[in-house]
Structure formats: C-alpha cells, structure tokens
Amino acid sequence: MLKGYYNVTDNTQTLTQCRFWVPPKSPPCPNPRRCAVVSSSSSSSSSAPKRPDLAISASATKELNAVNNTAGGGSPSPAATLGNRVRLGRLTEDGLSYKESFIVRCYEVGINKTATVETIANLLQEVGCNHAQSLGFSTDGFATTPTMRKLHLIWVTARMHIEIYSYPAWSDVVEIETWCQAEGRIGTRRDFILKDYASGEVIGRATSKWVMMNQDTRRLERVNSEIQEEYLIHCPKTLRLAFPEDNRSLRKIPKLEDPAQHSKLGLVPRRADLDMNQHVNNVTYIGWVLESIPQEVINTHELQSITLDYRRECQHDDVVDSLMSAESVDGANGIPGLKGTNGSPAATKGQDSRQFLHLLRLSIDGSEINRGHTEWRRKSAR
C-alpha cells in the first residue's frame, strides 16, 4: 500500500502558504559598514529567483483570499473554507458522491499493527460528515440540513454493517468513497467503499441506516418532504448499493437470550465517548461489543464483518453489560436463523471462520441497547 512520508521542504511551503510560519528575522549585525555593503548587494540582485520552497503561489494566495474575504463579512461558502481546501477530499465529477484519502496513524492501529475496526468506523463517520459539509450542511449536528436545524432534528445511527477484506497498516493510505440516498420515509441510507489508494483494490465496504430524532424530546420523527428535497438533490438518481442486493448485510438479528456464553459486565461510558448529539457515539458500541470476545479468538482470528442494530440511546451515566454467544458456521449447535458467511466475498466455506451473536443491555434493568453479529476469519501468516 502507499505510504505517507514527511518532507521538510513541502511542510515549510505548506506552513508558509497557510500563514502559520514567517521566515526568521536576521540578528543584529556586529559590523554596520559590512552589513550595509551586503544589503546593497542584495537589493541589486532582487530580480534573482526566490527560493521555491518559501514562495507563495498566486493560486494559493487567491485561495486563501477566498477564505479570508467572504462577501459581506458572513460565513465562507463551503468550497472556500480552509478545512475543505486542506483535507484530501473532494466531490466526484457528477457531484453525487464524495471521496477522501486518509493516512493511517500510529495511534489508530492495534496489536496486529493494522487499523482497528474502531478506526475504520471513525473514518467512515468522518468522511460522511465531510461529504455533508462540502455540500453546505451544518457541522453542529452531524450533517443537519437548514430545516432540520430549525426543527431541532438530528441524525442518529439505526444500523451499521462493515466488512473488511484487508486491514490497512500504519502509514498506509486509504481512499473512502461515500454517498447517501433515501430509505423510505424513516431516514436515509449511506454506503461506503474503501480502497487501497496505491493499488485501487477494494479492501472493505460498509452500509448504514440513519433516522431522525428530535433533539429536545429524544423521540424519532419521520423525514418530511421539505427535508428530503434538501438532500435528495445530492443523491444518485438510481439506486446504488455498496453490496449486492441479495447480500444479507441488512438482515434481521435475533435477540440473544440468557445464559450467554461470555460476558463483560459493568462497562461505563467515558466523557470522551459522548459526541455533539449529547449521547454515546455509535463507534463506542463497537468497542463494547468486542469486549466480550474471548482472548483465544482475538489471538488467532481477525474481525471480518460486524453488524450492529442500535435500539436505544446510551447516556453518560448508564452502566452497560456486553453479552456474547458463539455460532457455528454451518448452523449446527448455533443460534437459530443465523447461517452462512454474511455475504462477504472474503469468506469461503471451509475456512476456519467463527461467528458470534451479541447483545448490549443496561445493567440496571436489562433494557436492550444494541444487537450485533460478528464474523471472524483466521489470521493469515505474516
């Protein structure tokens, strides 16, 4: 995969163009007469070429002026914000999807020296929000439209399905494409395709469902026609899916009943787990689900796919239990209704695959928070 490298010259130029760095002033000259001669010589050669690494190009100056000089002193247009110009993301030519590239950082990898599934999920959330921001939607509520802000409505995750065929390693570059489309009258669907930037190989796919919630009452609401009109103009005109239509990425997950084979009890949200919607962020649930996986599975297998159904919000003062039971791949002695490979092209019958059913619930009363299903493949020899 493509690696990211640090270049001092490029970094100096970037800092100069963004006005974060100013060349240092020369110290006082101990010999004024000599300095005067040098100064005169420098002035006479002012027409000589300047250092290219410190020069601010006309195009860069024009772009920065577009950021700083907004019409009437108002907010800059989405295309003129500094964030949109610095990040490695862009709308596709038809304007109906968005692509962004990310370098995997050292704090985003786990014990396998590859990106964790939480890292992948965070990148999916980031590229989705950046897509919305590039279209002019608000960033104070995860891509809320003008009508949604007026009615105090926010988007919340109802379902997430992620399949990873090959995990990127530290310093690998990943390109993610995302697009959204209507999902009936209850919400929207957002799909993702992950590629190795260097080779163009597809290394993962994901799909998600989002519903609207009233930020004041915390109740779900239908998507009205006014809100649909605001975002449908940015969606593909024909149905486009990251997975084939016969894929079971959105199948129903049965509830795990007691007694569970494995559990991790008393999980407590940290302050850092809360997001701008004032509840536990959807990525935190992934970590809680994985807490109940036995260590012997972690040692020999890697996560291939994860499906989560979000049933209710989790607040900062809730205490959560994570439960898990195993399922055999062929369905024997396993969970009824869960068979097959979850539609992943990376799964092959006969592989040493493990599947598990998950449940997150409140410790205090057993209320269901989240249902999940994971599939694991044996780690390849490195």
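For the structure itself, consult the block above.
Residues numbered from 1 in each chain as written. Predicted model: local features only at pLDDT ≥ 70, side-chain atom pairs only at ≥ 80, totals over all residues. Heavy atoms only, no water.

S.K.: Could you clarify how one ought to interpret the overall build of the protein chain in this entry?
M.R.: In terms of regular secondary structure, the protein chain is built from nine helices and 12 strands. The burial tally for the protein chain puts 45% of its 382 residues in the buried class. For the protein chain, restricting intrachain contacts to residue pairs at least 6 apart in sequence, the fraction spanning at least 24 positions comes to 74%. Of the roughly 20600 Å² of accessible surface on the protein chain, a fraction of 52% belongs to carbon and sulfur atoms. (Helix = DSSP H or I, 4+ residues; strand = E, 2+ residues; numbered from the N terminus. Buried < 20%, exposed > 50% of the residue type's maximum accessible area, 1.4 Å probe, protein only. Contact = heavy atoms within 4.5 Å. Areas by Shrake-Rupley, 256 points an atom, 1.4 Å probe, with all protein chains shown as cover.)

S.K.: It is not clear to me how the nonpolar core should be interpreted in this structure. Could you clarify?
M.R.: One broad trend across soluble globular proteins is that nonpolar side chains are buried collectively. With 43 residues, the main nonpolar core has Val117, Leu124, Ile162, Ile176, Tyr285, Ile293 and Trp376 as its most contacted residues. Residues in contact with Trp376, not counting those within four places in the same chain, are Leu290, Ile293, Val297, Ile298, His301, Glu302, Leu303, Gln304, Asp352, Ser353, Arg354 and Phe356. Counting residues in hydrophobic clusters, the runner-up holds 13 residues, among them Ala132, Met148, Leu153 and Ile227. (Core = buried A, V, L, I, M, F, W, Y, C linked by side-chain atoms within 4.5 Å.)

S.K.: Can you walk me through empty space enclosed by the protein in this structure?
M.R.: Going through the model one piece at a time under the given rule, you end up with three cavities of 30 Å³ or more. The computed volume of the largest cavity comes to approximately 330 Å³. Residue lining of the largest cavity: 22 residues in total, with Gly128, Ala143, Trp155, Arg190 and Trp210 positioned closest to the centre. At the level of elements, α5 (117-134), β3 (153-164) and β5 (187-196) are the ones that each hand at least two residues to the lining of the largest cavity. Among the elements that make up the lining of the largest cavity, the one with the highest residue count is α5 (seven residues). Considering only residue class, the lining of the largest cavity consists of 14 nonpolar, six polar and two charged. (1 Å grid on protein atoms, 1.4 Å probe; cavity = no way out; pocket = protein on both sides within 12 Å on 5 of 7 lines; lining within 4 Å. Points joined across faces, edges and corners; volume = space filled by probe spheres on them. Nonpolar A, V, L, I, M, F, W, Y, C, P; charged D, E, K, R; others polar.)

S.K.: What's the story with the environment of Met213 in this structure? I'm lost.
M.R.: If you trace the backbone, Met213 turns up in strand β6 (residues 202-214). Residue class for Met213 comes out buried when judged on its relative accessible area of 6%. Sequence separation between Met213 and Val156 is 57 residues, and the spatial gap between their C-alpha atoms is 6.7 Å. When residues no more than four places from it in sequence are discounted, the contact partners of Met213 are His152, Leu153, Ile154, Val156, Arg218, Arg219, Leu220 and Glu313.

S.K.: What should I look at first to understand the packing of aromatic side chains in this one?
M.R.: To describe a pair of aromatic rings, you give the distance between the ring centres and the angle between the ring planes. Applying the stated criterion across every chain yields a total of three aromatic pairs. With 5.2 Å between their ring centres and 80 degrees between their planes, Tyr285 and Tyr310 make a pair best called edge-to-face. Of the two residues, Tyr285 is situated in helix α8 (residues 282-291) and Tyr310 in strand β9 (residues 301-310); the sequence distance between them amounts to 25 residues. This pair shows no difference in class: Tyr285 is buried, exactly as Tyr310 is. Aromatic ring contacts, followed pair by pair, group Tyr285, Trp288 and Tyr310 into a single cluster. The ring of Trp179 carries Arg240 above its face, with NZ or CZ at 3.6 Å from the centroid. (Phe/Tyr/Trp six-rings, centres within 6.5 Å; stacked < 30°, edge-to-face > 60°. Lys NZ or Arg CZ within 6 Å of the ring centre and 35° of its normal.)

S.K.: What's the story with helix α7 (residues 225-232) in this structure? I'm lost.
M.R.: Residues that lie three or four places apart on an α-helix share one face, since the helix turns once every 3.6 residues. Regarding α7, the residues found buried are Ile227, Gln228, Glu230 and Tyr231. One face of α7 carries all of its buried residues, which in axial projection span an arc of 160 degrees. Looking at the packing, one finds that the buried side of α7 touches α6 (146-150), β3, β4 (173-183), β5 and β6. Two or three places before Glu226, at the opening of α7, Asn224 has a side-chain oxygen 3.1 Å from that residue's backbone nitrogen. (Arc of directions from axis to C-beta. Polar contact = N/O pair within 3.5 Å; in protein donor to acceptor, adjacent residues only side chain to side chain.)

S.K.: Help me understand the pattern of salt bridges, please; the structure alone is not making it clear to me.
M.R.: Pairs can form between side chains of opposite charge once their charged atoms are near each other. This model, assessed by the stated rule, comprises 12 salt bridges. With its nearest N and O atoms 2.4 Å apart, the salt bridge here joins Asp309 to Arg159. Of this pair, Asp309 sits in strand β9 while Arg159 sits in strand β3, and the two are 150 residues apart along the sequence. With a relative accessible area of 10%, Asp309 lands in the buried category. Of the charged contacts in the structure, one is a salt bridge between Glu368 and Arg371, with a shortest N-O distance of 2.3 Å. By the burial criterion, Glu368 is buried, and Arg371 matches it. In the salt-bridge network here, residues are joined through shared partners; they are Arg311, Glu368 and Arg371. (Salt bridge = Lys/Arg side-chain N within 4 Å of Asp/Glu carboxyl O.)

S.K.: Would you explain the pairing of β4 in this entry?
M.R.: On any regular strand, side chains alternate: one points to one face of the sheet, the next to the other face. Across the 11 residues of β4, nine count as buried, placing the element largely inside the fold. Pairing between strand β2 (residues 98-103) and β4: six bridges, direction antiparallel. Its bridge partner being in β4, Tyr98 is matched across the sheet by Thr178. Two elements, β4 and β5, share 10 bridges in a ladder whose sense is antiparallel. Looking at β5, one finds that Ala182 is bridged to Thr188. Counting the residues in the hairpin turn of β4 and β5 gives three residues, including Gly184, whose phi is positive at 65 degrees. (Pairing = 2+ DSSP bridges.)

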